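# Coordinate inspection notes
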Amino acid sequence: MPPDGAVSARPVLVVHGGAGAWAPELAPDAGAGIRAALRAGWQALDGGGSALDAVEAAVAAMEDDETFNAGRGSCLTSDGRVQMDALIMDGATLEAGAAACVAQVRNPIRLARAILRQGRHVLFAGPDADRLAQSFGMELCANEELITERQRQRWREALTGGQDTVGAVAVDATGNVASATSTGGMHGKAPGRVGDAPLVGCGGYADNQAGAVSATGWGEAIMRLMLAGWTADRMRDGASPQRAAELAIDHVARRLNGSGGIIAVNAAGGFGAAKNTPAMPWGMKSPDEEFVQEL
Ligand code: ASP
């Protein structure tokens, strides 16, 4: 019997590469990155892995891709450094793992997964979180290794604003859902700033009884509205993932004049995506369907 009495579902994986004002010339790279993330996540699901394995693999693939604002290629703080946030959550158990303001880890989502696995605490921040990664056997890197020329250029131009958090949500064949989100945050953010991404119920949420959600966009608005949890609650009340995602974007726009994007799945294999930014690369895969929106 699947957990929580959920019906056996068709597996579905949905990934996004961040809601924002994407330069049109990045469309092919964004599309390729979304396809690679779908492949990585699907390989995990297909090989008998859980929804949790799938979202971790999909997000790690996008962290490794410099096109996206996560892992190497993250945007820079006002003083020119990379500080990253990540969260992973298991809808079967409500276990979560998160890292905030990490600066020496190539794959913050893998650190988040290790924190979830350890189970004692949910969220670690700053240099102690980097050291924790090392104690889990992850190799640390210099902060400069995470900085790309494209982001250095944006920093020189003193660009501010949001762009390109990555996220994934999935349901596996047993009806378990999971969510993962990872980001370098907002361009030109103040050093030490933590966004919505690593906060349970803000940048992500997963509960088999509702669904799984990953959010992207203006973090200060998303966290004030606890947007991922708000979206999950709409699904808990019976809204489809697509309807819930649309309601959430409407909510953030009306309530705080906020902008962003949402992806969602439920335990029955339904999925949805919505945004009110100019672009949000995203894609979905199920046994009989694959769809990619490049920007
Ligand atoms: N939500 C992210 C943050 O505020 C940024 C983004 O998704 O563009 O850190």
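Criteria and thresholds
- Residues numbered from 1 in each chain as written.
- Predicted model: local features only at pLDDT ≥ 70, side-chain atom pairs only at ≥ 80, totals over all residues.
- Heavy atoms only, no water.
- Phe/Tyr/Trp six-rings, centres within 6.5 Å; stacked < 30°, edge-to-face > 60°.
- Helix = DSSP H or I, 4+ residues; strand = E, 2+ residues; numbered from the N terminus.
- Buried < 20%, exposed > 50% of the residue type's maximum accessible area, 1.4 Å probe, protein only.
- Axes fitted to C-alpha atoms, helices over the stretch in contact; angles between N-to-C directions.
- Parallel < 35°, antiparallel > 145°, perpendicular 65-115°, else oblique.
- Contact = heavy atoms within 4.5 Å.
- Salt bridge = Lys/Arg side-chain N within 4 Å of Asp/Glu carboxyl O.

### Some details on the packing of aromatic side chains
Going through the model one piece at a time under the given rule, you end up with 2 aromatic pairs. Judged by centre distance (6.0 Å) and plane angle (70 degrees), the ring pair of W22 and F68 falls under edge-to-face. One end of the pair, W22, is in the loop between β1 (12-16) and α1 (27-46); the other, F68, is in the loop between α2 (51-63) and β2 (84-90), and 46 residues separate them in sequence. Considered together, W22 and F68 belong to a single accessibility category, that of buried residues.

### With respect to the packing of α2 against helix α3 (residues 108-118)
Each packed pair of helices is defined by two parameters, the angle between the axes and the distance between the axes. Two elements in contact, α2 and α3, have axes whose closest approach is 8 Å; the angle formed by their N-to-C orientations is 155 degrees. Judged on the interaxial angle alone, α3 and α2 are roughly antiparallel. Here L52, D53, E56, V59, A60 and E63 of α2 lie close against α3, whose contacting residues are P108, I109, R110, R113 and L116.

### Some points on the pattern of salt bridges
Under the criterion given, the structure shown has 17 salt bridges. With its nearest N and O atoms 2.9 Å apart, the salt bridge here joins R81 to D79. The exposure class assigned to D79 is partly exposed, which follows from its relative accessible area of 39%. A salt bridge links R234 to D237, with the shortest nitrogen-to-oxygen separation between them at 3.5 Å. Classification of D237 as exposed rests on a relative accessible area of 62%. What you see here is one network of salt bridges that share partners, running through D53, E56, R110 and R113.

### Side note on unusual backbone geometry
Even without glycine at this site, M226 takes up a positive phi of about 45 degrees. Relative to the helices and strands, M226 resides in the loop between α6 (219-224) and α7 (227-236). Here N257, not a glycine, exhibits a phi torsion of approximately 55 degrees, which is positive. With respect to the helices and strands, the residue N257 is situated in the loop between α8 (241-256) and β11 (260-265). Exposure remark for N257: the relative accessible area of 69% places this residue in the exposed category.

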